[in-house]
Amino acid sequence: MSQEKVDRYKKEKANREKTMKKEKMIRRIEYGLTGLVLCGLVAWCGFSIYQKAAEAKASEVTVYELNTQAMDDYAQSVQAE
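Residues numbered from 1 in each chain as written. Predicted model: local features only at pLDDT ≥ 70, side-chain atom pairs only at ≥ 80, totals over all residues. Heavy atoms only, no water.

Engineer: Would you mind showing me how to read the overall build of the protein chain here?
Structural biologist: Helices and strands together make up the secondary structure of the protein chain, namely 3 helices and 0 strands. If you list the helices and strands of the protein chain from N to C, you get α-α-α. Relative to the 2.2 N^0.38 estimate, which gives 12 Å for 81 residues, the radius of gyration of the protein chain is 38 Å and therefore markedly larger than a compact globule would have. For the protein chain, the spread of C-alpha atoms along the three principal axes comes to 125 × 15 × 10 Å. Within the protein chain, the proportion of its 81 residues that are buried is 0%. Separation of charge centres in the protein chain, based on 14 positive and 12 negative side chains, amounts to 34 Å. (Helix = DSSP H or I, 4+ residues; strand = E, 2+ residues; numbered from the N terminus. Rg over C-alpha atoms; globule rule 2.2 N^0.38 Å. Buried < 20%, exposed > 50% of the residue type's maximum accessible area, 1.4 Å probe, protein only. Lys, Arg positive; Asp, Glu negative; His and termini not counted. Charge placed at Lys NZ, Arg CZ, Asp CG, Glu CD.)

Engineer: Hey, could you run me through the confidence of the model for the protein chain in this one?
Structural biologist: Detailed reading of the predicted model is not advised wherever pLDDT is low. For the protein chain, the average pLDDT comes to 89, and 99% of its residues sit at 70 or higher. Put simply, helix 3 (residues 69–80) is where the protein chain has its lowest mean pLDDT, 87, and helix 2 (residues 16–59) is where it has its highest, 93. (pLDDT = per-residue confidence, 0-100.)

Engineer: Got a minute to help me understand a nonpolar patch on the surface in this structure?
Structural biologist: A grouping of M25, I29, L33 and L36 is seen on the molecular surface, where their side chains present a nonpolar patch of about 430 Å² in accessible area. You can see L36 is positioned in helix 2. (Patch = residues over 30% accessible without salt bridge, like charges linked within 9 Å, V, L, I, M, F, W, Y side chains within 5 Å. Areas by Shrake-Rupley, 256 points an atom, 1.4 Å probe, with all protein chains shown as cover. Salt bridge = Lys/Arg side-chain N within 4 Å of Asp/Glu carboxyl O.)

Below, the structure written as structure tokens:
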């Protein structure tokens, strides 16, 4: 090894702890941001699905039909008497 390589290796070795701490911190920040983005995507998808389900439920109209023919016949027979 040349003296230049030996000096460079010594400098790297001296700063290895700092470099490793810095890389760890950057990795943790990346993981945290990735987690936040994933949580945001999951929340957004869930909200979208809920909103579409609520719209579909609101647009459903229930119509009830009641046959009052028997009551009308009875009322007319009572009036006739």
